[in-house]
Amino acid sequence: MSKFLTLQRLNQPWLISQPIFNQLRDTINAWDDNIVAEETPDETYTQSNGMALLSLKGTMMKNPTAIERAFLGATCTYALTNQIKEIKNNPAIQGVLLDVDSGGGSVQGVIEASEALRGLHEQKPVVTFTDGLMASASYWVGSQATSIVASPSARVGSIGVYVPVVDYKQQYAEQGISVEVITNKDGIYKGAGLEGTTLSEKQKSQIQEEVEDIYMDFKNSVLLSRKVPSDAMQGQAFMGKRASEKNLVDAVGSFEDAIYLLSKEINFRR
């Protein structure tokens, strides 16, 4: 059942870099659904000397299954939002370092997590750091921090949205299989993308409209926190130095540099 549920997710809008999505799809297709994965608790943030360290790692999903956690390294956006809210309400925490290494994930829960982080940084300084990937959904969330630091080899950006639709109609026809979808007369969007069928023009337009709506939310959210030029929001990712030139990050540096910057931000607000 968990493999079936995960395959269903693949037909939803995604905020994820293309190579990570391809790896995700191949992993899902290859796994044995008879394998039982142990349920792992959501990671909680750690705190020391008035600072909280919060991790955002792996594929972002809302309420991932145990097998998605085990095989995809999935992180729960719902749990992330709750952790951000806990930190906001914790008077012992004066600042937050968000450590990111994620190629993004599904749309569900991302808007809520980004809004929660924006609300947190309005109350306490938040520095986002990445030395790996901060792409798509993870950039949407991480961009709501007070400042962003990326290592020289990190890849940052991938601002965009897509819905993967695979058309198997020709393959089915070669096998002598024909798929007919019978819906109620008004259900012109019902059954869109079913395997063995081709999307109608109206169905394509409806999916395109949804993608554009999500993209505008993504773009406007980034622009609330940063002045990123339009030519850096076309779905591409940049390494550290170029990401800084495009204002996707504030500085290129190490984890220690991010900690130092957060300390300065905390002292400035005192």
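In this report, the structure presented in the accompanying data block is examined. Residue positions are given per chain, counted from 1 along the sequence in the order it is written. Under the rules for a predicted model, residues below a pLDDT of 70 receive no local features and side-chain atom pairs below 80 are neither given nor counted, while totals for whole chains, interfaces and linings still include all residues. The basis for every side-chain value is the complete set of heavy atoms in the structure, and neither hydrogens nor water enter the calculation.

### Observations regarding the overall build of the protein
Step number 1: Strands are runs of DSSP state E lasting at least two residues, helices are runs of H or I lasting at least four, and both sets are numbered from the N terminus onward. Tallying secondary structure elements over the protein gives 10 helices and 12 strands in all.
Step number 2: Summary of the burial criterion: residues with accessible area below 20% of their type's maximum are buried, those above 50% are exposed, and those between are partly exposed, where the area comes from a 1.4 Å probe applied to protein chains only. Counting across all 270 residues of the protein, residues that qualify as buried make up 47%.
Step number 3: Sequence separation of at least 24 residues holds for 74% of the intrachain contacts in the protein that already meet a minimum separation of 6.
Step number 4: Surface accessibility in these figures is a Shrake-Rupley result with a 1.4 Å probe; residues are shielded only by whichever protein chains are displayed. Carbon and sulfur atoms make up 50% of the accessible area of the protein, which amounts to about 14000 Å² in all. Contacts: residue pairs with any heavy atoms within 4.5 Å of one another.

### Some words on a negative patch on the surface
Step number 1: Patch definition: residues above 30% relative accessible area lacking any salt bridge, with like charges linked at up to 9 Å and the nonpolar side chains Val, Leu, Ile, Met, Phe, Trp and Tyr linked at up to 5 Å. Salt bridge, as used here: a side-chain nitrogen of Lys or Arg that lies within 4 Å of a carboxyl oxygen of Asp or Glu. By the counting rule applied here, Lys and Arg register as positive and Asp and Glu as negative, while His and the ends of each chain are not counted. Charged groups are reduced to one reference atom each: NZ for lysine, CZ for arginine, CG for aspartic acid, CD for glutamic acid. Among the surface-exposed residues, Glu112, Glu115, Glu209, Glu210, Glu212, Asp213 and Asp217 lie close enough to one another that they form a single negatively charged patch.
Step number 2: Mapped onto the negative patch, the elements with two or more residues apiece are helix 5 (110–123) and helix 8 (201–225).
Step number 3: Inspection of the secondary structure assignment puts Glu115 in helix 5.
Step number 4: With relative accessibility at 46%, the residue Glu115 sits in the partly exposed group.

### Some points on the nonpolar core
Step number 1: Formed by 47 residues in total, the largest nonpolar core has its most connected members in Leu15, Tyr139 and Val141.
Step number 2: Only strand 3 (51–57), helix 4 (77–88), strand 6 (95–102), helix 5, strand 8 (126–135), helix 6 (137–142), strand 9 (147–150) and helix 8 provide two or more residues apiece to this core.
Step number 3: If one sorts the elements of this core by residue count, helix 8 sits on top with 6 residues.
Step number 4: In contact with Val141, not counting residues within four places along its chain, are Leu56, Met60, Leu80, Leu98, Val110, Ala113, Ser114 and Leu117.
Step number 5: Met51, Leu97, Val149 and Ile266 belong to the second largest nonpolar core, which has 8 residues in total. The nonpolar core is taken to be a set of buried Ala, Val, Leu, Ile, Met, Phe, Trp, Tyr and Cys residues, with the residues joined through side-chain atoms within 4.5 Å.

### Quick notes on unusual backbone geometry
Step number 1: For Asn63, which is not a glycine, the phi torsion comes out positive at approximately 55°.
Step number 2: Counting through the fold element by element, Asn63 comes out in the loop between strand 4 (60–61) and helix 3 (66–72).
Step number 3: Phi is positive for Asn247, close to 65°, though the residue is something other than glycine.
Step number 4: Structurally, Asn247 can be placed in the loop between helix 9 (240–245) and strand 12 (251–252).
Step number 5: On the basis of relative accessible area, Asn247 is assigned to the partly exposed category, the value being 28%.

### What to know about helix 8
Because the α-helix completes a turn every 3.6 residues, residues three or four places apart line up on one side.
Step number 1: End to end, helix 8 covers 37 Å across 25 residues, agreeing with the expected 36 Å (1.5 Å per residue, within 8%).
Step number 2: Residues Gln203, Ile207, Val211, Ile214, Tyr215, Phe218, Ser221 and Val222 constitute the buried set of helix 8. In this analysis, the expected span of each helix is defined as 1.5 Å times one less than the number of residues it contains.

### Quick notes on the packing of aromatic side chains
Step number 1: Whether two aromatic rings pair depends on their centres lying within 6.5 Å, for rings of Phe, Tyr and Trp, where Trp uses its six-membered ring; planes under 30 degrees apart make the pair stacked, over 60 edge-to-face, and the rest tilted. According to the stated counting rule, one finds 2 aromatic pairs in the structure shown.
Step number 2: For the ring pair Phe129 and Phe255, a centre distance of 5.6 Å and an interplane angle of 80° mean the geometry is edge-to-face. Of the two residues, Phe129 sits in strand 8 while Phe255 sits in helix 10 (residues 255–269), which places them 126 residues apart along the sequence.
Step number 3: A relative accessible area of 30% means that Phe255 is categorised as partly exposed.
Step number 4: Aromatic pair Trp140 and Phe218: ring centres 4.6 Å apart, planes at 5°, arrangement stacked. Of this pair, Trp140 sits in helix 6 while Phe218 is found in helix 8, placing the two residues 78 residues apart along the sequence.

### Quick look at the pattern of salt bridges
Step number 1: Evaluated as defined, the whole model comprises 5 salt bridges.
Step number 2: We note a salt bridge from Lys57 to Asp99, for which the minimum N-O separation is 3.4 Å. Of this pair, Lys57 sits in strand 3 while Asp99 sits in strand 6, placing them 42 residues apart in sequence.
Step number 3: Among the salt bridges present, the one from Asp250 reaches Arg226, with a minimum N-O distance of 3.0 Å.

### Topic: the pairing of strand 6
Step number 1: The buried fraction of strand 6 is high, at 7 of 8 residues.
Step number 2: Being paired, for any two strands, means DSSP has found at least two bridges between them. One ladder, built from 7 bridges, connects strand 3 with strand 6; its direction is parallel. Within the sheet, the bridge partner assigned to Leu56 lies in strand 6 and is Val100.
Step number 3: With 6 bridges connecting them, strand 6 and strand 8 associate as parallel partners.

### Here we look at the pairing of strand 8
Step number 1: Along strand 8, 8 of the 10 residues are buried, which leaves the element largely enclosed by surrounding structure.
Step number 2: In terms of strand pairing, strand 8 meets strand 10 (residues 155–157) through 3 bridges, oriented parallel. Residue pairing in the sheet places Met134 in a bridge with Val156 of strand 10.

### A short note on the environment of Asp231
Step number 1: Structurally, Asp231 can be placed in the loop between helix 8 and strand 11 (237–239).
Step number 2: For the pair Asp231 and Lys246, spaced 15 residues apart in sequence, the C-alpha separation works out to 8.7 Å.
Step number 3: In this structure Asp231 touches Gln236 and Lys246, once residues within four positions along its chain are discounted.
Step number 4: Here the side chain of Asp231 touches Lys246 through a polar contact of 3.3 Å, side chain to side chain. Under this definition, polar contacts are N or O atom pairs within 3.5 Å; protein pairs additionally need one hydrogen-donor-capable and one acceptor-capable atom, and for neighbouring residues in sequence, both atoms have to be side-chain atoms.

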